[in-house]
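Residues per chain are reported as follows:
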Amino acid sequence: MTEPDIKKGLAGVVVDTTAISKVNPETNSLLYRGYPVQELAATQPFEAVAYLLWNGELPDAAQLADLRATERAHRALAAEVKAVIDLIPLSAHPMDEVRTAVSAIGASDPGAGGSVLNAGGSPAENLERSIRLFAALPAIVAYGQRRRRGEDIIAPRDDLDYSANFLWMTFGEEPDPVVVDAFNRSMILYAEHSFNASTFTARVITSTLSDLYSAVVGAIGALKGPLHGGANEAVLHIFDEIGSADNVVPWLDAALAEKRKIMGFGHRVYKKGDSRVPTMKAALDTLVEHYGREDVAELYDALESEFVARKGIYPNLDYPSGPAYNLIGFDTLTFTPLFVAARVTGWTAHVIEQAGANALIRPLSHYDGVDERHVER
Ligand SMILES: CC(C)(COP(=O)(O)OP(=O)(O)OC[C@H]1O[C@@H](n2cnc3c(N)ncnc32)[C@H](O)[C@@H]1OP(=O)(O)O)[C@@H](O)C(=O)NCCC(=O)NCCS
C-alpha cells in the first residue's frame, strides 16, 4: 500500500479561494481587498477597514458615517452580557472571558437561535451580526481589564471614534492623538491575514452551517494559543524576563540552550520578515517617544538583532505590538483580547465568504494505530 502524502499542519496546502486578503511572502506584502495594509494603516480609521473587509470597497463618507452610527449604537456592554462576565472567576484567562461573552451575545440574538436549519443566517443578517460584535468587543475587553484591576466599568462616549472610545472605556481618560493613532494602526494590522489558524477554524465551523457566533467563539479558542495570537502576550513575558538590553545575550544563550521558542519571531508563511512589522514598529517608535521610554526600544532592538543574527528568523507582528500595548497601559493579559477585537472583522468577513460558496470542510486522515483486533469473550 502506498503511503498517502500527508501535509502535517496543512503546511503548503491551498484549501480554497478568498477575495478578502492576499499574503505574498515573496514580496512581504499583505493586501486587504487589493489595498496594501501599510497604506490602510497610514490613512484609514479602523472602522473604514472593517467596512472594506466586509464589503470589498472602502466606504464613502456617508457609508462610513452610517457604519459609525451603528457601531456607536451597539457600543455599550449589554446588562445580560455583563452579568455573564461577572460570573467568570477573576483568575480565568481574559480570552476565556471574551469567548464566553461572545457566546452570551450569540445566545441572546433571537435570529441566531431556533432551528439549526437556519442557524447560518442570510448574508445581510450575518453582516449585521458582524457589526454588532465589532461594536461590542471593545466594551468586553475594556471591562475585562478594569474588572481585574478592581475598577468600575466606564460607559462609552458617543463623541469619540472607535479607537479613541476603546481607550476611553479602558482607561477613563481622553487619549492623546499619538496614542489613538498607534492603537488604530495596530487594529488595522491585526484585522485580517487570510487562512490563519483562527480564521480557518471559523471557516470550518461555518462550513457545517453553524452560526456566526459559534464560528467566532471557535476562532477565539484557536487564537488563544501562544503559537498564534497568544504570542503578543508571550513577548511581554519575555521582555519582563530579560529586563534590559544588556541582559539579552546571556538570556538568549540560556533560552536557546533550553531549545525555547522565542515568542514574537517566526511565521508559518513569511520566512523573510512579516509585512506588518515595519508599520507597527514605526507606531511603537512614536509611543516610545511619547512616553519617553527609550529603554523599551533598546531592549527591542537588542533582542531582534541578536536573534536574527543567530537564527535568521525575523519578528512577526506580535513582537512590536506587545511592547506597544504595554506602553499604552494595557495589562499583558489583555493583549490577545485586543487581537480578538481587531480580528473579529476578518473572521466575520470569512464567515460570510465561506457561507456564500460553502463546502463542508472535512479532510481525511491516515490511520496508523493498532491493526484490527477483537474483544476477547
Ligand atoms: C509561528 C511558528 C509556529 C511558525 O512555525 P512553523 O512554520 O511551523 O515552523 P517551525 O515551528 O517548524 O520552525 C522551523 C524551525 O525554526 C525554529 N523556530 C521557528 N520559530 C522559532 C522561534 N520563535 N524561536 C526559536 N526557534 C524557532 C524551529 O524550532 C524549527 O527549528 P528546527 O528545524 O531546528 O526544528 C513559529 O515560528 C513559532 O512558534 N514562533 C513563536 C510563536 C509566535 O511568535 N507566534 C506568532 C505567529 S504570528
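This one's a predicted model, so the numbers in the text were calculated from it and none came from an experiment.

(A) Structural detail: the overall build of the protein chain. Secondary structure summary: the protein chain contains 16 helices and three strands in total. A compact globule built from 377 residues would reach a C-alpha radius of gyration of about 21 Å, and the protein chain, at 21 Å, matches this within 12%. Principal-axis analysis of the C-alpha atoms places the extent of the protein chain at approximately 70 × 50 × 45 Å. Across the 377 residues of the protein chain, 48% fall into the buried class. Carbon and sulfur atoms provide 55% of the accessible area of the protein chain, an area that totals close to 17,500 Å². In the protein chain, which carries 34 positive and 50 negative side-chain charges, the distance between the mean positions of the two groups comes to 5 Å.

(B) The site of the ligand, seen in detail. By nearness alone, 18 residues border the ligand, and Lys261, Ile262, Gly264, Phe265 and Asn316 come closest of all. Within the side chain of arginine 268, an N or O atom sits 3.0 Å from an oxygen atom of the ligand. Classifying every residue of the shell around the ligand gives eight nonpolar, five polar and five charged.

(C) Looking closely at the packing of helix H5 (residues 94–107) against helix H6 (residues 123–148). In contact at an axis separation of 10 Å, H5 and H6 are set at 140° when each is read in the N-to-C sense. Classed by the angle they form, the pair H5 and H6 counts as oblique. As H5 packs across H6, the resulting crossing turns out to be right-handed. From H5, Pro94, Glu97, Val98, Ala101, Val102 and Ile105 reach across to H6, where they touch Leu133, Ala136, Leu137, Ile140, Val141, Gly144, Arg147 and Arg148. Of the residues that constitute the contact of H5 with H6, the class distribution is ten nonpolar, one polar and three charged.

(D) The arrangement of the nonpolar core in detail. By size, the foremost hydrophobic cluster in this structure holds 101 residues, and its most contacted members are Tyr32, Ile140, Phe183, Leu303 and Tyr325. When we break this core down by domain, the ones giving at least three residues each are domain 1 (21–224 + 333–356) and domain 2 (231–328). Setting aside residues up to four positions removed in sequence, phenylalanine 183 forms contacts with Ser163, Phe166, Leu167, Tyr325, Ile328, Phe330 and Leu338.

(E) Representation of a nonpolar patch on the surface within the structure. The grouping of Leu10, Val13 and Val15 at the surface amounts to a nonpolar patch, some 210 Å² of accessible area in total. For valine 15, the location among the structural elements is in the segment before strand E1 (21–24).

(F) Quick look at the side chain of glutamate 192. Structurally, glutamate 192 can be placed in the loop between helix H8 (177–190) and helix H9 (197–207). Of the side chains bearing the opposite charge, arginine 343 lies closest to the buried glutamate 192, which forms no salt bridge; the N-O distance is 5.3 Å. Of the polar contacts made by the side chain of glutamate 192, one reaches the side chain of serine 21; its length is 2.6 Å. A polar contact of 2.8 Å, which involves the side chain of glutamate 192, links it to the side chain of histidine 350. Non-local contacts of glutamate 192, meaning those with residues more than four positions away in its chain, are made with Ile20, Ser21, Leu30, Tyr32, Leu53, Arg343, Gly346 and His350.

(G) Local environment of the UniProt feature "active site" (unreviewed entry) in the protein chain. When the UniProt feature table is mapped onto this chain, "active site" (unreviewed entry) is found at His267 and Asp318. Across 52 residues of sequence, these annotated residues stay compact in space, with a maximum C-alpha separation of 10.6 Å. Engagement of the side chain of histidine 267 in a polar contact is seen with the backbone nitrogen of valine 269, the distance being 2.9 Å. With a relative accessible area of 7%, aspartate 318 lands in the buried category.

(H) Structural view of the sheet that holds E1. Across the sheet, three strands lie side by side as E1-E2-E3; this open sheet has antiparallel pairing. Each edge of the sheet is formed by a strand with only one pairing partner; in this case those strands are E1 and strand E3 (35–36). Inspection of the sheet shows E1 paired to strand E2 (residues 29–32) by four bridges, in the antiparallel sense. Bridging across to E2, asparagine 24 finds its partner in serine 29.

(I) Up close: the packing of aromatic side chains. Scanning all chains against the criterion turns up 18 aromatic pairs. Ring centres 4.9 Å apart and planes at 5° place the aromatic pair phenylalanine 134 and tyrosine 162 in the stacked group. Placement of the pair is phenylalanine 134 in helix H6 and tyrosine 162 in helix H7 (residues 162–171), with a sequence separation of 28 residues. An identical accessibility class is assigned to phenylalanine 134 and tyrosine 162; each is buried. A ring pair is formed by phenylalanine 265 and phenylalanine 307, whose centres lie 4.5 Å apart and whose planes are at 55°; its orientation type is tilted. Taken together, the positions of phenylalanine 265 in the loop between helix H12 (248–257) and helix H13 (277–291) and phenylalanine 307 in helix H14 (residues 294–311) put the pair 42 residues apart, joining distant regions of the chain. Phenylalanine 307 carries the same exposure label as phenylalanine 265, and that label is buried. Taken together, the ring pairs connect Phe46, Trp54, Phe134, Tyr162, Phe166, Phe171, Phe183, Tyr190, Tyr325, Phe330, Phe335 and Phe339 into an aromatic cluster. The lysine or arginine in question, arginine 157, covers the ring of tryptophan 168, its NZ or CZ lying 4.8 Å from the ring centre.

(J) Structural view of the domain arrangement of the protein chain. Once the domains are mapped, the protein chain shows domain 1 (21–224 + 333–356) and domain 2 (231–328). When each unit is reduced to the centre of its C-alpha atoms, the spacing between domain 1 and domain 2 is 26 Å. Listed as interface residues are 29 residues of domain 1 and, on the opposing side, 24 residues of domain 2. Of the roughly 2,300 Å² buried between domain 1 and domain 2 on both sides combined, carbon and sulfur atoms contribute 65%. Interface area lost by domain 1 to domain 2 is led by Leu189, Tyr190 and Phe335, which between them contribute 29%. In this assembly, domain 1 and domain 2 are joined by one salt bridge.

Conventions adopted
Residues numbered from 1 in each chain as written. Predicted model: local features only at pLDDT ≥ 70, side-chain atom pairs only at ≥ 80, totals over all residues. Heavy atoms only, no water. Helix = DSSP H or I, 4+ residues; strand = E, 2+ residues; numbered from the N terminus. Rg over C-alpha atoms; globule rule 2.2 N^0.38 Å. Buried < 20%, exposed > 50% of the residue type's maximum accessible area, 1.4 Å probe, protein only. Areas by Shrake-Rupley, 256 points an atom, 1.4 Å probe, with all protein chains shown as cover. Lys, Arg positive; Asp, Glu negative; His and termini not counted. Charge placed at Lys NZ, Arg CZ, Asp CG, Glu CD. Near = heavy atom within 4 Å. Polar contact = N/O pair within 3.5 Å; in protein donor to acceptor, adjacent residues only side chain to side chain. Nonpolar A, V, L, I, M, F, W, Y, C, P; charged D, E, K, R; others polar. Axes fitted to C-alpha atoms, helices over the stretch in contact; angles between N-to-C directions. Parallel < 35°, antiparallel > 145°, perpendicular 65-115°, else oblique. Left-handed = near helix turned anticlockwise from the far one by under 90°. Contact = heavy atoms within 4.5 Å. Core = buried A, V, L, I, M, F, W, Y, C linked by side-chain atoms within 4.5 Å. Domains from an automatic or database assignment. Patch = residues over 30% accessible without salt bridge, like charges linked within 9 Å, V, L, I, M, F, W, Y side chains within 5 Å. Salt bridge = Lys/Arg side-chain N within 4 Å of Asp/Glu carboxyl O. UniProt positions renumbered as here; feature names shortened; annotations may be inferred. Pairing = 2+ DSSP bridges. Phe/Tyr/Trp six-rings, centres within 6.5 Å; stacked < 30°, edge-to-face > 60°. Lys NZ or Arg CZ within 6 Å of the ring centre and 35° of its normal. Buried area = accessible area lost by both parts, 1.4 Å probe.

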